[in-house]
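Chains, contacts and geometry: an overview
Chain by chain, the residues run as shown.
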Amino acid sequence: MARTMIITGASAGIGRAVAIAALEQGYDIVAVARRQPLLDELAATFARADAIETLPLDLLEPGAPALIVAAALRRFGTIDVIVNAAGVVAAGGIAEQSDSALHEQFQLHVVAPLALLREALPALQATRGQVFFIGSGVARVPVPGLGAYSAAKAAIRNAARSARTELRRYGIIVTYVDPGAVDTEFMRRAGFAGAHKRFAAPPKRVADSILRAVQRRKAVVNASPWQTFAVGVGALFPSLAQAVVTRFPAIAGTQRLPSTKMTAASPPPEPLTYPAEEAARPEKPSRDPLDAALGPLARRMERLKLSRGFIIALLESKTTLTMEDVALRWAGMPNKNERALVHDVLEALSDGGFLERCGDGRYAVVRTA
Ligand SMILES: NC(=O)c1ccc[n+]([C@@H]2O[C@H](COP(=O)([O-])OP(=O)(O)OC[C@H]3O[C@@H](n4cnc5c(N)ncnc54)[C@H](OP(=O)(O)O)[C@@H]3O)[C@@H](O)[C@H]2O)c1
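Residues numbered from 1 in each chain as written. Predicted model: local features only at pLDDT ≥ 70, side-chain atom pairs only at ≥ 80, totals over all residues. Heavy atoms only, no water.

**A short note on the overall build of the protein**
- When helices and strands are tallied, the protein shows 15 helices and 10 strands.
- For the protein, the C-alpha atoms occupy an extent of roughly 70 × 55 × 40 Å along the three principal directions.
- Scored against the burial criterion, the 369 residues of the protein give a buried share of 47%.
- When contacts within the protein are restricted to residue pairs at least 6 apart in sequence, long-range pairs at least 24 apart make up 64% of them.
- Of the accessible surface of the protein, which amounts to about 18200 Å², a share of 57% is contributed by carbon and sulfur atoms.
- In the protein, 44 positive and 34 negative side-chain charges are present, and the distance between their average locations comes to 9 Å. (Helix = DSSP H or I, 4+ residues; strand = E, 2+ residues; numbered from the N terminus. Buried < 20%, exposed > 50% of the residue type's maximum accessible area, 1.4 Å probe, protein only. Contact = heavy atoms within 4.5 Å. Areas by Shrake-Rupley, 256 points an atom, 1.4 Å probe, with all protein chains shown as cover. Lys, Arg positive; Asp, Glu negative; His and termini not counted. Charge placed at Lys NZ, Arg CZ, Asp CG, Glu CD.)

In structure tokens:
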């Protein structure tokens, strides 16, 4: 029977390379990221399309890790490996970050990966599985101008050590990956030049190191050992290291791209946006049919913490839904408000063409999100 690997951040960069390497080695995979077209493209590239479950999901949404584990078990029945490769880097001084920028860094790099581990624990115990946390050199030598990114990476590095010690008795391996500089869109997305191509490893190299670490059940992966060594030396001389990364931003790739350099005359660049973020902007009408259907309920959903990711997974199930079942699945012991919201959501999804009313309070899924 094929082994199952969950990969977050599978639409691009390191996560995508891991997904491809895992498929080539015969794994069944659950590929998670926000950009569905890129996940579809990944699935379409492979002849073994039945080996891929794509899950378009925002890891900032509450409950996302539980949805991922449920989707993996429903589709493949087992979880052997988890690779937490989703991430975004921040830009700006750490003392200038908004609450949501701080939240994003810790949610994406620390909370979601740890919650995914927690949700998958029984399944990982059953397979004596392995979990990968992707760190960074900045976990040991923080780089100024990256918001809370360095702090979040330091936290996950520390958490990986705790988890490794605690889970050893269950036969679960916890692996910390220092990828070094990698040639992906990661830094450029945030308006930085990124490391020089000569020093940046191709994502495939990191992916191959991760797949090798599965075979050898390794606890640490240093994909570019000389870079890890240099960071280790920097950690021994923190003041010198701080002076160097501040004076020479090219070392960490944090020099601003010319088009994004901020001057009094030029406004800050438009950030890259995603469908969910577009929908959150009231002035722009959403073009995403799901957001359009749920738009009037967005505030209530946010208040009661009914996530968009939950709805997407619901529509993936392609079965008949009842208000009771959905409310139980979402809230466990739903109260009056929660039941009312589920009812209104099911009605809105029917009006939006995702569900068909079958009578007796039943709804058939007729379209995925
Ligand atoms: N590249 C480097 O030089 C470097 C160096 C050290 C460490 N790292 C670490 O390596 C990991 C992967 O980086 P990368 O270089 O592969 O970056 P990348 O090419 O930018 O890919 C990042 C991935 O994360 C996904 N993602 C971002 N926000 C998400 C969210 N809210 N919910 C779900 N998925 C989300 C993105 O997919 P969608 O946009 O489709 O959601 C994408 O698939 C990150 O943890 C990063 O910190 C990278």
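**Quick notes on the domain arrangement of the protein**
- One can read the domain layout of the protein as domain 1 (4-258) and domain 2 (275-365).
- For domain 1 versus domain 2, the separation of C-alpha centres amounts to 30 Å.
- Tallying the contact residues gives eight residues for domain 1 and eight residues for domain 2.
- Taken together, the two surfaces of domain 1 and domain 2 that pack against each other cover about 780 Å², and 59% of this comes from carbon and sulfur.
- Linking domain 1 to domain 2 there are zero salt bridges.
- For the interface between domain 1 and domain 2, the tally reads two residue pairs in polar contact (both at pLDDT 80 or more).
- Per-element tally for the side of domain 1 that touches domain 2: the top contributor is strand β3 (residues 52-56), with three residues.
- Residues belonging to the side of domain 1 that touches domain 2 are distributed by class as follows: four nonpolar, one polar and three charged. (Domains from an automatic or database assignment. Buried area = accessible area lost by both parts, 1.4 Å probe. Salt bridge = Lys/Arg side-chain N within 4 Å of Asp/Glu carboxyl O. Polar contact = N/O pair within 3.5 Å; in protein donor to acceptor, adjacent residues only side chain to side chain. Nonpolar A, V, L, I, M, F, W, Y, C, P; charged D, E, K, R; others polar.)

**Overview of the sheet that holds strand β9 (residues 355-359)**
- Strands sit in the order β8-β10-β9 across an open sheet of three strands; the sheet is antiparallel. Each end of this open sheet is capped by a strand with a single partner; those strands are β8 (320-322) and β9. Direction aside, neighbouring strands of the sheet carry axes that sit 35° apart on average.
- Taken together, the four bridges between β9 and strand β10 (residues 362-365) define a ladder with antiparallel strand orientation. (Pairing = 2+ DSSP bridges. Axes fitted to C-alpha atoms, helices over the stretch in contact; angles between N-to-C directions.)

**Observations concerning the site of the ligand**
- Near the ligand there are 32 residues, and of these Ser11, Ile14, Arg34, Tyr149 and Thr184 occur at the shortest range.
- Separating an oxygen atom of the ligand from a side-chain N or O atom of Arg35 is a distance of 2.8 Å.
- The class makeup of the residues in the shell around the ligand is 18 nonpolar, nine polar and five charged. (Near = heavy atom within 4 Å.)

**Examining the pairing of β3**
- Burial of β3 is extensive: five of the five residues sit out of reach of the surface.
- Side-chain alternation along β3 places Ile52, Thr54 and Pro56 on one buried face and Glu53 and Leu55 on a second face that is also buried.
- Judged from the five bridges that link them, strand β2 (residues 28-33) and β3 form a sheet pairing that is parallel. Within the sheet, the bridge partner assigned to Ala33 lies in β3 and is Pro56.

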